[in-house]
Amino acid sequence: MDMTIHATFLPHDDPDASLAFYRDTLGFEVRTDVEYGGMHWITVGPAGQPGTSIVLYPPAATPGVTEDERRTIAEMMAKGSYAKIILATADLDGAFERLEASGADVVQEPTEQPYGVRDCAFRDPAGSEIRINQLR
């Protein structure tokens with residue numbers, strides 16, 4: 001079976017802040033920005049990789065989610081425990097410097113992990129943890 005990862009979803013609660021972070025800070029391409037009922041689904045992805053995307057979505061629009069669940073999701077997003085993604089780069093120090101200079105919320109400076117990777121971590125404007133591994 002031949003499969004690839006096409007897209008993953010990360011929540012957002014402020015489309016302008018999320019767009020600025022993923023486009024301007026991380027340098028991702030904006031592929032679509034779909035507005036419906038005042039909410040935005042924004043698809044971004046790394047330049048030169050049109051087959052891999054992140055869809056930034058409003059979790060409040062998820063069908064079947066109760067009001068209590070929406071509150072729980074908002075609380076988890078605020079704590080930074082709702083969603084995460086791991087990215088990779090050949091220049092971890094350069095990526096860290098760029099993100100730190102942008103004012104992004106630093107969770108962890110570049111570190112050699114005991115499980116064999118060197119990485120750092122930030123939170124996006126919605127609280128999602130963005131870990132960045134250095135390619136070896």
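Scoring rules and cut-offs
Residues numbered from 1 in each chain as written. Predicted model: local features only at pLDDT ≥ 70, side-chain atom pairs only at ≥ 80, totals over all residues. Heavy atoms only, no water. Helix = DSSP H or I, 4+ residues; strand = E, 2+ residues; numbered from the N terminus. Polar contact = N/O pair within 3.5 Å; in protein donor to acceptor, adjacent residues only side chain to side chain. Contact = heavy atoms within 4.5 Å. Buried < 20%, exposed > 50% of the residue type's maximum accessible area, 1.4 Å probe, protein only. 1 Å grid on protein atoms, 1.4 Å probe; cavity = no way out; pocket = protein on both sides within 12 Å on 5 of 7 lines; lining within 4 Å. Points joined across faces, edges and corners; volume = space filled by probe spheres on them. Pairing = 2+ DSSP bridges. Axes fitted to C-alpha atoms, helices over the stretch in contact; angles between N-to-C directions.

> Sorry, what's going on with the side chain of Ser53 here?
Looking at the element boundaries, Ser53 is found in strand β4 (residues 53-57). A distance of 2.9 Å separates a polar atom in the side chain of Ser53 from a polar atom in the side chain of Arg31. Filtering out sequence-adjacent residues up to four positions away, Ser53 remains in contact with His6, Ala7, Thr8, Arg31, Thr43, Val44 and Gly45.

> I'm lost on helix α1 (residues 15-25) in this one. Help?
Owing to its 3.6 residues per turn, the α-helix aligns residues three or four sequence positions apart on the same side. What α1 keeps buried is the set Ser18, Leu19, Phe21, Tyr22 and Thr25. Two residues or fewer past α1, Gly27 is found with a positive phi of approximately 80 degrees.

> Looking at this structure, how should I read the layout of surface pockets?
Once rolled over the atoms, a probe with the size of a water molecule shows which space is left empty. In this structure, the largest pocket occupies an estimated 560 Å³ of space. Along its surface, the largest pocket is lined by 21 residues, and Phe28, Pro46, Ile86, Leu87 and Ala88 are the ones closest to its centre. Among the elements of the structure, β4, β5 (84-89) and α3 (92-102) are those that each provide at least two residues to the lining of the largest pocket. Among the elements that line the lining of the largest pocket, the one with the most residues is β5, at 5 residues.

> Help me out: how do you make sense of the sheet that holds strand β6 (residues 105-112) in this one?
Pairing between sheet strands relies on hydrogen bonds along the backbone, with the strands arranged either parallel or antiparallel. Spatial strand order, β5-β8-β7-β6: 4 strands in an open sheet with mixed pairing. The outermost strands of the open sheet, each flanked by one partner alone, are β5 and β6. Adjacent strand axes in the sheet meet at a mean angle of 15 degrees when their direction is disregarded. Taken together, the 5 bridges between strand β7 (residues 118-123) and strand β8 (residues 129-134) define a ladder with antiparallel strand orientation.

> Is there a simple way to explain the environment of Ala88 in this structure?
Within the secondary structure layout, Ala88 lies in strand β5. With 32 residues separating them in the primary sequence, Ala88 and Cys120 have C-alpha atoms 10 Å apart. Those residues in contact with Ala88 that lie beyond four places of it in its chain are Asn133 and Leu135.

> I would appreciate a short explanation of the sheet that holds strand β2 (residues 29-36) in the present structure.
Taken in spatial order, the 4 strands make up an open sheet running β1-β4-β3-β2, and their pairing is mixed. Both outer strands of the open sheet, β1 (7-11) and β2, are each paired with one neighbouring strand and no more. Here the strands of the sheet are splayed against their neighbours by 20 degrees on average, with no regard to which way each runs. Bridging between β1 and β4 involves 5 bridges; their strand directions are parallel.

> Looking at this structure, I do not really get the environment of Glu129. What am I missing?
Position of Glu129 among the secondary structure elements: in strand β8. The exposure class of Glu129 is buried, given its relative accessible area of 9%. Distance from Glu129 to Val106, taken between C-alpha atoms, is 9.7 Å for residues 23 residues apart in sequence. Residues in contact with Glu129, not counting those within four places in the same chain, are Ala83, Lys84, Ile85, Ala121, Phe122 and Arg123.

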